[in-house]
Every structure is written in structure tokens, then in C-alpha cells.
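Structural overview
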Amino acid sequence: MKVLLFAIILLLFSHGLSDYIFQTEKMVKRKAGGIFKGFIEHFLIVLSLNIVLMAFFTARAFPYLVILSILHILIDWGKYKLFKSESLTSFVLDQFFHIFTIVLIGLAIADFLRPFFWGAYLQPYFQVFSTLTVYVYVVFGGAIFIKYALLSPLVYIPRAEITTSGRIIGIIERILMTTLVAMGQVAAAGFVIAAKSIARYKELDDKNFAEYYLIGTMLSMLLALLGGILIRFLYQI
């Protein structure tokens with residue numbers, strides 16, 4: 001069971017890097033505009049990261065990793081055919097299908113893990129990569145999720161704007177809070193929010209900004225809380 005979970009975590013880690021970190025805004029715009037170059041660029045990133053995973057698997061896993069890379073791009077292509085622009089709905093559905101295919105491929109290649117990872121060495125690698133995966137999804141995937149949530153018609157806030165500085169603050173906030181929750185220091189996480197609120201104190205007089213700030217902060221806190229709890233759970237497996 002743990003070997004299977006480790007295989008899936010490795011694939012999730014690769015996916016998180018390719019979608020949340022190494023995929024640029026320019027690539028996203030090209031894909032949204034139906035420009036073939038955007039899909040090719042992203043495919044090469046996905047394939048390269050999946051090939052790096054061969055360090056953990058035997059050669060028998062290679063065809064499956066190539067298939068996963070192709071499926072990744074087909075899902076992206078389908079998303080832009082169904083949705084003409086990026087939105088919270090398209091992002092959530094896109095990630096759901098990506099994770100679904102990852103689980104299926106993980107089930108197929110778990111037995112192809114190198115013998116080295118079947119013994120006592122599995123535990124430290126499992127902990128390291130499960131932790132890194134949670135951070136990638138909470139910190140960087142969370143930034144994308146929160147951006148689309150704040151721009152969603154369901155959470156309409158006049159003049160809401162996602163700034164670069166605000167995104168960086170959110171990333172640092174989720175890193176700190178996820179770490180504190182994972183360490184069991186939930187109460188200390190409140191100081192992070194307090195410090196952030198003090199820095200934005202004067203801006204909170206603006207009702208629109210206050211709503212934008214509150215929703216963004218609550219979503220960020222929720223993701224960090226879930227991420228920290230998940231890390232603690234994975235360490236107990």
C-alpha cells in the first residue's frame with residue numbers, strides 16, 4: 001500500500017511542478033488562444049519532469065510516463081475547447097481529470113519501482129516527497145486557485161486585483177502556516193495573520209479591499225490548515 005502511495009505521490013509531485021511552477025503565463029495564454037506552440041512547450045516540460053521520475057522506476061514504467069504526458073496535454077486541449085478562458089470551474093475540472101489519470105497510471109506502475117525503494121529506504125523518501133508535494137500544491141497550486149476564486153463571478157468584488165506583491169505575500173503566508181500546522185503549532189499561525197492585518201490596517205477601511213482581503217486570507221488559511229494536517233497524517237503512515 002505504501003509503495004503504491006509513494007508512486008502516486010511522485011507523479012503528483014511531477015504534475016505540481018509542471019502545472020504550478022514551470023508553466024508560465026505566456027504558455028497559458030498561448031494555449032487559451034489555441035496556439036499549438038503553447039501546448040508543445042508545456043508537453044515538453046511535463047514529459048521532461050516525468051522522465052526525471054525514471055530515477056525511481058525501472059524501464060518498464062517509461063511507456064506509462066509517456067502516456068501520462070500525452071494525456072496531460074489532451075486534457076489541457078479539451079479544457080480550452082470546452083472553456084474559452086481560464087476560470088475557477090475550468091481550473092478545478094482540469095485538475096480533477098489530471099489527478100484522476102495520475103492515480104490510474106500510479107496503480108499501473110507502482111510495481112515498477114526500483115527494488116531500492118521497497119525496503120527500509122522507502123520511509124525517508126516517502127516523507128520527503130510527500131512533504132514537498134503538499135507544499136507545491138498548497139503554496140503554488142493554492143495561489144492559482146485563490147486567484148481564480150477571487151476573480152470568480154460567484155465571489156464578485158469590484159476593483160479586485162491580484163498584484164504580484166499580494167501573490168508573494170500569500171505564498172510566504174501559506175509556507176509559514178503550513179509549516180506551523182505540520183509542527184502542531186496551530187496557535188502560532190494566528191500571529192502570521194495578525195502581522196499581515198497590521199501591515200494592511202489602513203487599507204481595510206476600503207470595504208471592497210476588506211472583502212477581497214478577508215476571502216483571500218480565509219482561503220489561504222484553509223489550504224494551509226489542510227496541508228499541515230495532511231503532512232502530519234502522511235508522517236504517521
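Here is a short report on the structure shown in this document. (Residues numbered from 1 in each chain as written. Predicted model: local features only at pLDDT ≥ 70, side-chain atom pairs only at ≥ 80, totals over all residues. Heavy atoms only, no water.)

What about the packing of aromatic side chains?
What counts, and what does not: Pairing of aromatic side chains requires ring centres within 6.5 Å, counting the rings of Phe and Tyr and the six-membered ring of Trp. Pairs whose planes differ by under 30 degrees are stacked, by over 60 edge-to-face, and all others tilted. Helix numbering and strand numbering both begin at the N terminus, where a helix is a DSSP run of H or I of at least 4 residues and a strand a DSSP run of E of at least 2.
This structure, assessed with the given rule, holds 17 aromatic pairs. Their ring planes at 70 degrees and their centres at 6.4 Å tell us that Phe6 and Phe129 sit as a pair that is edge-to-face. Within this pair, whereas Phe6 is found in helix α1 (residues 2-21), its partner Phe129 is found in helix α6 (residues 122-151), the two being separated by 123 residues in sequence. Aromatic side chains Phe39 and Tyr80 sit 6.3 Å apart centroid to centroid with 75 degrees between the ring planes, which places their arrangement in the edge-to-face category. Here Phe39, found in helix α3 (residues 36-52), pairs with Tyr80, found in helix α4 (residues 62-82); they are 41 residues apart in sequence, far enough to count as distant.

Quick word on the pattern of salt bridges
How we decide: By definition, a salt bridge exists where a carboxyl oxygen of Asp or Glu is found within 4 Å of a side-chain nitrogen of Lys or Arg. A 1.4 Å probe rolled over the protein chains alone gives each residue an accessible area, and that area as a share of the maximum for its type sets the label: buried under 20%, exposed over 50%, partly exposed in between.
All told, the structure shown has 5 salt bridges when counted by the stated rule. Notably, a salt bridge pairs Lys79 with Glu86, separated by 3.3 Å at the nearest N-O pair. Look at Lys79 and you get buried, because its relative accessible area is 9%. Across the pair Asp94 and Lys79 runs a salt bridge, and its minimum N-O distance is 3.9 Å. Of this pair, Asp94 sits in helix α5 (residues 88-109) while Lys79 sits in helix α4, placing them 15 residues apart in sequence.

Quick notes on the nonpolar core
Inclusion rule: In this description, a nonpolar core means a group of buried Ala, Val, Leu, Ile, Met, Phe, Trp, Tyr and Cys residues linked to one another through side-chain atoms lying within 4.5 Å. We call two residues contacting when some pair of their heavy atoms lies within 4.5 Å.
Phe6, Leu10, Leu11, Phe56, Phe57 and Ile109 are the most contacted members of the largest nonpolar core, which has 40 residues in total. With 11 residues, α1 is the largest single contributor of residues to this core. For Leu10, the contacting residues outside a window of four places in its chain are Leu53, Phe56, Phe57, Leu113 and Phe129. Counting 6 residues, the second-largest nonpolar core is a separate cluster that includes Leu180, Ala189, Val192 and Ala224.

Concerning helix α7 (residues 164-182)
Here is the rule we go by: Any helix carries an expected span of 1.5 Å times its number of residues minus one.
With 19 residues, α7 extends 27 Å between its outermost C-alpha atoms, agreeing within 8% with the 27 Å of an ideal straight helix rising 1.5 Å per residue. Along α7, the positions that sit buried rather than exposed are Gly170, Ile171, Glu173, Arg174, Met177, Thr178, Leu180 and Val181. Of the residues flanking the end of α7, it is Gly184, one or two places downstream, whose phi is positive at about 80 degrees.

Nothing here speaks to function; it is all geometry.
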